[in-house]
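The chain contents come next:
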Number of protein chains: 2
Amino acid sequence: MTTHLDASLSRLFDPRSIAIVGASATPGKIGAMPVTLLRQYGYAGRIVPINPRAGEIQGLPAFAGLSAVDDAIDLAILAVPAVHAAQALAQARPGQIAGAVIFTSGFSETGDAGRAQQAALTQAARERGIRLLGPNCLGFMNVRKHVYATFSPAPANGAVAPGGIGMVSQSGAFGAYAYSMARERGLGLSHWISTGNEADIDVADCIAWLADDADTRVIMAYMEGCRDGDKLRAAFASARAAGKPVVVTKIGRTQAGAQAAASHTAALAGDDAVYDALFRQYGVLRARTIEEFFNLGYALDTWKQPPRGNRLGIFTISGGVGALMADEAADAGLVLPEPAADAQARLLAQVPFASGRNPVDVTGQAVSEPGVLLSTAQDMLSDGRYDALAVFLAAAGSSEKLWPTFENFARQLQASRPDVPLAICALFPPARRRELEQLGCLVFADPSAAVRTIASLAGLAHERTDDAGRPASEAPASQGQTLLPSYNEVQAMALLREAGLPATPCTLVGDADGAAAAAAADIDAPVVLKIVSADIVHKSDVGGVKLKLSGEAAVRQAHASILASVRQHAPQARVDGVLVAPMAPAGVECIAGIHDDPVFGPVVMFGLGGVFVEVLKDVSFRLAPFGHGEALAMIREIKGYAVLRGARGAPPCDLDALAEALVRLSRLADAQRGRLKSLEINPLLALPHGALALDAVVIPASPAG
Amino acid sequence: MTTHLDASLSRLFDPRSIAIVGASATPGKIGAMPVTLLRQYGYAGRIVPINPRAGEIQGLPAFAGLSAVDDAIDLAILAVPAVHAAQALAQARPGQIAGAVIFTSGFSETGDAGRAQQAALTQAARERGIRLLGPNCLGFMNVRKHVYATFSPAPANGAVAPGGIGMVSQSGAFGAYAYSMARERGLGLSHWISTGNEADIDVADCIAWLADDADTRVIMAYMEGCRDGDKLRAAFASARAAGKPVVVTKIGRTQAGAQAAASHTAALAGDDAVYDALFRQYGVLRARTIEEFFNLGYALDTWKQPPRGNRLGIFTISGGVGALMADEAADAGLVLPEPAADAQARLLAQVPFASGRNPVDVTGQAVSEPGVLLSTAQDMLSDGRYDALAVFLAAAGSSEKLWPTFENFARQLQASRPDVPLAICALFPPARRRELEQLGCLVFADPSAAVRTIASLAGLAHERTDDAGRPASEAPASQGQTLLPSYNEVQAMALLREAGLPATPCTLVGDADGAAAAAAADIDAPVVLKIVSADIVHKSDVGGVKLKLSGEAAVRQAHASILASVRQHAPQARVDGVLVAPMAPAGVECIAGIHDDPVFGPVVMFGLGGVFVEVLKDVSFRLAPFGHGEALAMIREIKGYAVLRGARGAPPCDLDALAEALVRLSRLADAQRGRLKSLEINPLLALPHGALALDAVVIPASPAG
């Protein structure tokens, strides 16, 4: 794991002096572009062109090499071929250079030779205390300080406005496109960073640094994967602690996308479902599309605060579009409380054919009565029953004649209820749109996009749970400890019980006397007997299970029958004994488990049994460990959640007990970090009171790791 | 049902003369706007202002009333208060006026008095053979002929281009917004129609008329509901027959949306799931959002033909964004075949770090080698393995320097493979975007939107089945026939059997001898006995079911036991007898049914039993009758489809037999139109070979209707 050095990154990302190694006077050349942009946009620090021919480049005195520069340099930009990169850095004196950006490709992305070159480069940098961005990247920009350490053509077509969004991308092409999109959509950036091959600085380092950066309020990241799950988790935790929302687009949601991503970035791995779990766990907003990525960034950047809950007010001059917005709201999990009865009455007194419920439809008539527009909206918001307001103004929005009405409407609403985020949907001319945005309003052409965006941001408040868990890096290291032994079913259940999970009591017995004694301990309750053998997977198929046994005679007979049947049908099987357990009560069969993700470590899974898991793949995941609120979110997330709430006439299950079982499972996973390959409880019964693990399979990590 | 008169609508929508009743000289007045717009945009026909004060209006000679005009008038625009509307029409001589557009509100939307006024207006129109558009509508525009029979302010801000999209909206506000959106997005319209209260002409009439209109290639409709389901079905059938795709936005998808819609348009009804079934059945593309509505309209209008299947080629200069597009494609049901091996090899020979698979990533390097860009794409398309191509050009797309490369790329691709629809994703300046569109390319800023749009259109080809059924209006009328009798379970099964459905043989017996005889008919097979009584819903609860009975003695004993138990537990129940049936084979339990929709008549439902229908509401619908292909689509549509294909180690079910059962059920529903309230087969067993109805409940229509 790369050590996280805030200060070195700060010198790199906010440099007072920049050397361009391979600086060129030829316009359009990769070594010319940073010099041109730095001068064009007025970078205030020192610009030091480095070129073997020295002389003057773009009017600045040039040096033959880094060794020829006496002073310390905060940032060195390397625009030289891959074969010369390590050599160029080697010219620097230890401590002279804080950070370097390497544009050129031809490193690890190209095969073994490139990998060796990258290793040499990284080694040269590490020896001199230089942090590396790249290689094979488009560099970065510090927008406020006019640092253009990039050869992306995007800023040449126009610079983005300075603003509060820190943007980081593992892909240069995506990053350049996102830069252009941000400019088109009028979003302001603090920093724009492309991480390329991530020989040293990776996307997690950038997120963590942006979380501490005073100029950054919102972080937008494009990801293809990561190698160090703990560091990424820690970065998200930092952003959360700093109160800075993170929007992520990560490729590979589907099998087709994951395949495409794998052929693109072989080095980056990890199961997408685990990333998804991580994002949920840390309140990271995952955008499925570039459009959504920007809608979320736009909202987080424009609004002073996101909605504090999921109660949406819809205000329209068209009942039909109001219903369309209500459809979208319902899909996205927002609720639509009605305005107070007297507020509704006041509207209907003024506009008889209006609809006072939510969506509130003041009708087209109200457009000609600006007072009604504003007073109705203020009436809706007066008693704090909405967390956000979405307004649809139809074609009237494009009317210059009505602009003063709408501008006043937005201004007054923002002034009277600055705590209620406002989105206005209409086709405003660009300049008008920007005026509204400067008031703190969002403007959308598509009302459904407005509703979806509100819903995603409402989730930030909604899904914030008590305890998302702490990164593994803070956990006691258990690697290197003794490996776990192999476990039979009874031992697996004992492991659960020791971890505080409710597991059905079961006893391993060697003979019929033992079975009878164990059964007798469960007075009145019938018992089940099962063969215990690592060699027998399907116990019923070999006559290894007997259910509902009452009384000593029945137990003894069942014991004998099981052993005889197993001897006949599976003569080679090594038998540990026979398990005696009470018959299970009636409940909903769930599945819970742990598996060890190569990137993120232990991950906890939860789902319902039967078709839900087998046909619908209806499961949820979280990185271990986590707290009760997160466990409840995990339970609520599955499609079959209704079954647990008591569908089909059944009593509701004890969700708190189920959640607590998952919390304890996550702690067990964390405590056994590196020692468990997988653990599956199947079934985990959800009961009206309590929860109960009936069976479990534990597979320890293999000695090879 | 309104009679469908093509010719009268054609005179209305393509008028050679227009009278404006209530014409005004005061700018901005509702009676001034049409005169102003007709003159401003150069309407070539005769404009006849009507105003009691006669004289001259906007430079045209005015008449005191319609009676003062000697000639026939194709279109009369009524811009007079509701109370004067019927009176104004009454001035017309029979046959003088072909159609009228009534702008004013204050009719049925306002209550009883308004409804009476609307009835008078409709009566006056009908007596004089006048077709009515409105009242309470924004009117219509015939864009090519510059007919502006509207008081919408939208065209005053700039007219849309003439084009092939016919647009019809039940909501004026949505319509006006859509008009503005079309203008912003550069879509060309043939007609724009707002139907308002639909006293005569409704959205179905407009769709049917646009299906016949030579200027219209694509129909875009906004709907809140309809009163005459048969007419709407016939309209969609006409559009399909004419090869004109229809895009619909209909509100009320969710409960929240339906509630909002209901409070907005009380008169319009119908279950949204049934509309959805209708749309699927006729290949109508349903857009969930305004954005999607326009993406679909844009694609259908721009492409010479939609994709002929679901095989997408993705071509990018960024592997990451390619993966993002692959994710979206997988979600949307598109497949991504690889290019031919030699095509891949040729690319890799030219660009070693490219990816030749699909997504094909030529990398940013290829941007500087225009030849590679074009030859790679042409190579991909050369052997007909793709139904559409989506291209992502990243930020390079905005580069003016690269424009000739991209323009040539698009032009050559369109020329060499005009049959493969092409979408290019980049941030082109508006003028450049329009140039590409004129070549027949789509241009998107968001690559995911491009992929989603392609997927929706691919569905047009994909989902087109052999037989979507014919509208009910062409079915033999069965209304007025004798009502069906009440049915017990045995009679219900007989009804299914007569309709050609595979129903388990069952016999109603009166005594133990009968039971023994019926059971004996099933040699070797065990039987089941069940009480048959309309008064007993839960048969098992009263001991009314006995399973797995073999041999005469067991059958006789079970018969006696059932009767005794029912006498004891349900002494009041009227008993029809006892049913004898063979035990069912093992299969997947499905549910199929019919219900009578108030708007659309008989609708067939299909789903899997158990949690799928009870918890997940996982069912599909179609309007009866329909053919085999449509039935298969209905089966494939449910989430639990994998179960029928043989999940969990079970053999796959006989989908053809299941589909055939649904086809026959749909024919039964059609034949009994108006006579069945509902019918439910539960379970309908899907077997490895065949299908089998085990139980059915039939509820005839009640005499009240």
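About the thresholds
- Residues numbered from 1 in each chain as written.
- Chains lettered and ligands numbered in written order.
- Predicted model: local features only at pLDDT ≥ 70, side-chain atom pairs only at ≥ 80, totals over all residues.
- Heavy atoms only, no water.
- Helix = DSSP H or I, 4+ residues; strand = E, 2+ residues; numbered from the N terminus.
- Areas by Shrake-Rupley, 256 points an atom, 1.4 Å probe, with all protein chains shown as cover.
- Lys, Arg positive; Asp, Glu negative; His and termini not counted.
- Charge placed at Lys NZ, Arg CZ, Asp CG, Glu CD.
- Least-squares fit on C-alpha atoms with pLDDT ≥ 70 in both.
- Buried < 20%, exposed > 50% of the residue type's maximum accessible area, 1.4 Å probe, protein only.
- Contact = heavy atoms within 4.5 Å.
- Pairing = 2+ DSSP bridges.
- Right-handed = clockwise from strand over helix to strand, strands pointing away.
- Buried area = accessible area lost by both parts, 1.4 Å probe.
- Salt bridge = Lys/Arg side-chain N within 4 Å of Asp/Glu carboxyl O.
- 1 Å grid on protein atoms, 1.4 Å probe; cavity = no way out; pocket = protein on both sides within 12 Å on 5 of 7 lines; lining within 4 Å.
- Points joined across faces, edges and corners; volume = space filled by probe spheres on them.
- Nonpolar A, V, L, I, M, F, W, Y, C, P; charged D, E, K, R; others polar.
- UniProt positions renumbered as here; feature names shortened; annotations may be inferred.
- Domains from an automatic or database assignment.
- Axes fitted to C-alpha atoms, helices over the stretch in contact; angles between N-to-C directions.
- Polar contact = N/O pair within 3.5 Å; in protein donor to acceptor, adjacent residues only side chain to side chain.
- Phe/Tyr/Trp six-rings, centres within 6.5 Å; stacked < 30°, edge-to-face > 60°.
- Lys NZ or Arg CZ within 6 Å of the ring centre and 35° of its normal.
- Parallel < 35°, antiparallel > 145°, perpendicular 65-115°, else oblique.
- Left-handed = near helix turned anticlockwise from the far one by under 90°.

Enquirer: Can you help me understand the overall build of chain A in this one?
Expert: The helix and strand tally for chain A stands at 23 helices and 29 strands. Accessible surface computed for chain A: about 26100 Å², of which carbon and sulfur atoms make up 53%. Seen as two clouds, the 60 positive and the 69 negative side-chain charges of chain A have centres 4 Å apart.

Enquirer: Sorry, what's going on with unusual backbone geometry here?
Expert: With glycine set apart, most residues show a phi of negative sign, and most peptide bonds adopt trans. Cis geometry is adopted by the peptide bond preceding B:P359, which originates at B:N358 and carries an omega value of 5°. Mapped onto the elements, B:P359 comes out in the loop between helix 12 (341-350) and strand 16 (360-361). Here the amide bond leading from B:A624 into B:P625 is cis, since omega sits at -5°, within 30 degrees of zero. The residue B:P625 is located in the loop between strand 26 (619-623) and helix 21 (628-636) in this model. The backbone phi angle of A:Q58 is positive, close to 50°, even though this residue is not glycine. Its location among the elements puts A:Q58 in the loop between strand 3 (56-57) and strand 4 (60-61).

Enquirer: Quick question: what am I supposed to make of the relation of the copies chain B and chain A here?
Expert: Turning one copy of the chain about an axis and sliding it along that axis gives the other copy, so a rotation and a shift relate them. Its rotation angle being 180°, the transformation that places chain B on chain A also includes 0.0 Å of axial translation and leaves an RMSD of 0.1 Å. In symmetry terms, the pair is related by a two-fold rotation axis. Proximity to the rotation axis, assessed at the C-alpha, singles out B:V611 in chain B; its C-alpha lies 4.3 Å from the axis.

Enquirer: Before we go on, may I ask you to explain the environment of A:F236 in this structure?
Expert: All names here are of chain A. Within the element layout of this structure, F236 appears in helix 7 (residues 229-241). F236 gets classed as buried once you look at its relative accessible area, which sits at 1%. Apart from the residues within four sequence positions on either side, F236 is in contact with I207, V246, V248, L278, F279, Y282 and V284.

Enquirer: What exactly am I supposed to notice about the pairing of strand 2 (residues 46-50) of chain A here?
Expert: Two faces, one strand: in a regular strand the side chains alternate between the faces of the sheet. Residue and element names in this part refer to chain A. Taking burial as the measure, the 5 residues of strand 2 include 4 buried ones, the bulk of the element. Direction of pairing for strand 1 (residues 17-21) relative to strand 2: parallel, over a ladder of 5 bridges. Note on strand 2: the bridge partner recorded for I18 is I47. Between the parallel pair strand 1 and strand 2, the chain is carried across by helix 2 (residues 33-40), and the sense of this crossover is right-handed.

Enquirer: Would you take a moment to explain the interface of chain B and chain A for this structure?
Expert: The figure often quoted for interface size is the accessible area lost as the parts come together. In this complex, chain B contributes 72 residues to the contact, which on the side of chain A involves 70 residues. Both faces considered, chain B and chain A share a buried interface measuring about 5200 Å² in area, 66% of it formed by carbon and sulfur atoms. Our enumeration of links across chain B and chain A arrives at 8 salt bridges. In this structure, B:R253 engages A:D331 in a salt bridge whose closest nitrogen and oxygen atoms are separated by 2.4 Å.

Enquirer: It is not clear to me how empty space enclosed by the protein should be interpreted in this structure. Could you clarify?
Expert: Unfilled space is identified by rolling a water-sized probe across the atoms. Across all of its chains, the model carries 5 cavities of 30 Å³ or more by this definition. Here the largest cavity defines a volume of roughly 60 Å³. Broken down by class, the residue content of the lining of the largest cavity amounts to 4 nonpolar, 4 polar and 1 charged.

Enquirer: Before we go on, may I ask you to explain the pattern of salt bridges in this structure?
Expert: Enumeration according to the criterion identifies 84 salt bridges over all chains in this entry. In this structure, B:R346 and B:D379 form a salt bridge, with 2.7 Å as the shortest nitrogen-oxygen distance. With B:R346 in helix 12 and B:D379 in helix 13 (residues 370-381), the pair connects residues that are 33 residues apart, well separated along the chain. Here B:R346 falls in the partly exposed class, since its relative accessible area comes to 40%. By relative accessible area, B:D379 is classed as buried at 19%. Between B:D670 and B:R673 there is a salt bridge, with the nearest N and O atoms lying 2.6 Å from each other. B:R673 matches B:D670 in its accessibility class, with the two residues each being buried. Counted as one network, the salt bridges with shared partners bring together A:K250, A:D272, A:D276, A:R280, A:R286, A:R622, A:E630 and A:E637.

Enquirer: Looking at this structure, I do not really get the UniProt feature "domain: CoA-binding" (unreviewed entry) in chain A. What am I missing?
Expert: Under the present numbering, the feature "domain: CoA-binding" (unreviewed entry) in UniProt falls on residues 12-107 of chain A. Summarising residues 12-107 of chain A: 20% helix, 27% strand, and an end-to-end C-alpha distance of 22 Å.

Enquirer: Sorry, what's going on with the domain arrangement of chain A here?
Expert: Parsing chain A into structural domains produces domain 1 (1-136), domain 2 (139-302), domain 3 (305-465), domain 4 (505-582) and domain 5 (588-700). The C-alpha centroid of domain 5 of chain A is placed 50 Å from the C-alpha centroid of domain 1 of chain A.

Enquirer: When you look at the sheet that holds strand 6 (residues 97-102) of chain B in this model, what are you seeing that I'm missing?
Expert: Paired through backbone hydrogen bonds, the strands of a sheet run either parallel or antiparallel to each other. Residue and element names in this part refer to chain B. Strand order in the open sheet formed by 5 strands is 2-1-5-6-7, with parallel pairing between adjacent strands. Only two strands of the sheet have a single neighbouring strand rather than two, namely strand 2 (46-50) and strand 7 (131-133). Pairs of neighbouring strands in the sheet enclose a mean axial angle of 20°, with direction left out of account. Both strand 6 and strand 7 contribute to a ladder of 3 bridges, which runs parallel. What sits directly across from A100, in strand 7, is L132. Taken strand by strand, helix 3 (residues 82-90) contacts strand 1 (17-21), strand 5 (73-78), strand 6 and strand 7, and its axis lies near 160° from that of strand 5.

Enquirer: Before we go on, may I ask you to explain the sheet that holds strand 22 (residues 545-549) of chain B in this structure?
Expert: Residue and element names in this part refer to chain B. Spatially, 4 strands are ordered 20-23-21-22 in an open sheet, and the strand pairing comes out antiparallel. Looking at which strands have only one partner, the edges of the open sheet turn out to be strand 20 (507-509) and strand 22. On average, adjacent strands in this sheet sit at an angle of 25° to one another, irrespective of strand direction. Across the sheet, helix 17 (residues 489-498) lies against strand 20, strand 21 (527-532) and strand 23 (577-582), angled at about 115° from strand 21, the strand it touches most.

Enquirer: Even after reading the chapter, I still don't get the side chain of B:D74, so can you show me in this structure?
Expert: Residue and element names in this part refer to chain B. By the secondary structure assignment, D74 is in strand 5. From its side chain, D74 meets the backbone nitrogen of R16 in a polar contact 2.8 Å long. Each residue touching D74, except ones within four places of it in the same chain, is listed here: R11, L12, P15, R16, S17, A98 and G99.

Enquirer: Explain the packing of aromatic side chains here, please?
Expert: Working definition: an aromatic ring pair is given by the centre-to-centre distance plus the angle between the planes. Residues and elements named next belong to chain A. Under the definition given, this model contains 30 aromatic pairs over all chains. Between F13 and F140, the aromatic rings sit 5.0 Å apart at their centres with planes inclined by 85°, giving edge-to-face as the arrangement. One end of the pair, F13, is in helix 1 (residues 6-13); the other, F140, is in strand 8 (residues 139-142), with 127 residues separating them in the sequence. Of the two residues, F13 and F140, neither departs from the other in class, the shared state being buried. Centroid distance F103 to F151: 4.9 Å. Interplanar angle 50°. Geometry classified as tilted. Highlighted residues: F103 in the loop between strand 6 (97-102) and helix 4 (112-127) and F151 in the loop between strand 9 (147-150) and strand 10 (161-169), separated in sequence by 48 residues. For F103, a relative accessible area of 2% puts it in the buried group. Among the aromatic side chains, those forming a connected cluster through ring pairs are F174, Y222, F293 and F294. Over the face of the ring belonging to Y298 we find R185, whose NZ or CZ atom lies 5.4 Å from the ring centre.

Enquirer: Can you walk me through the packing of helix 7 (residues 229-241) of chain B against helix 9 (residues 272-281) of chain B in this structure?
Expert: To characterise two packed helices, one gives the angle between the axes of the helices and the distance between these axes. Residues and elements named next belong to chain B. Interaxial distance between helix 7 and helix 9 falls to 10 Å at its minimum, and their mutual angle equals 20°. As far as their axial angle goes, helix 9 and helix 7 are roughly parallel. The crossing of helix 7 and helix 9 is right-handed. Facing L232, R233, F236 and R240 of helix 7, the residues of helix 9 in contact are Y275, L278, F279 and Q281. Across the contact of helix 7 with helix 9, the residue classes tally to 5 nonpolar, 1 polar and 2 charged.

Enquirer: Looking at this structure, I do not really get helix 6 (residues 203-212) of chain A. What am I missing?
Expert: For the α-helix, the turn length of 3.6 residues means that residues three or four positions removed from each other point alike. Residues and elements named next belong to chain A. Of all 10 residues in helix 6, 9 are buried, a share of seventy percent or more. Taken together, the buried positions of helix 6 are V203, A204, D205, C206, I207, A208, W209, L210 and A211. Sitting at the head of helix 6, D202 places a side-chain oxygen 3.1 Å from the backbone nitrogen of A204.

Enquirer: Explain the side chain of B:D202 here, please?
Expert: Residues and elements named next belong to chain B. In this fold, D202 is placed in the loop between strand 11 (188-194) and helix 6 (203-212). Polar side-chain contacts of D202 include one of 3.1 Å to the backbone nitrogen of A204. Excluding residues that lie within four positions of it along the chain, D202 makes contacts with T195 and K231.

Enquirer: Teacher, can you tell me more about the packing of helix 14 (residues 403-416) of chain A against helix 15 (residues 430-438) of chain A here?
Expert: Residue and element names in this part refer to chain A. Relative orientation of the contacting elements helix 14 and helix 15 amounts to 20°, with a least axis distance of 10 Å. Relative to helix 15, helix 14 is oriented roughly parallel. In this structure, helix 14 meets helix 15 at a crossing whose hand is right-handed. Packed against helix 14, whose contacting residues are W403, E407 and A410, the element helix 15 presents R432, E435 and L436 at the interface. Tallied by class, the residues present in the contact of helix 14 with helix 15 amount to 3 nonpolar, no polar and 3 charged.

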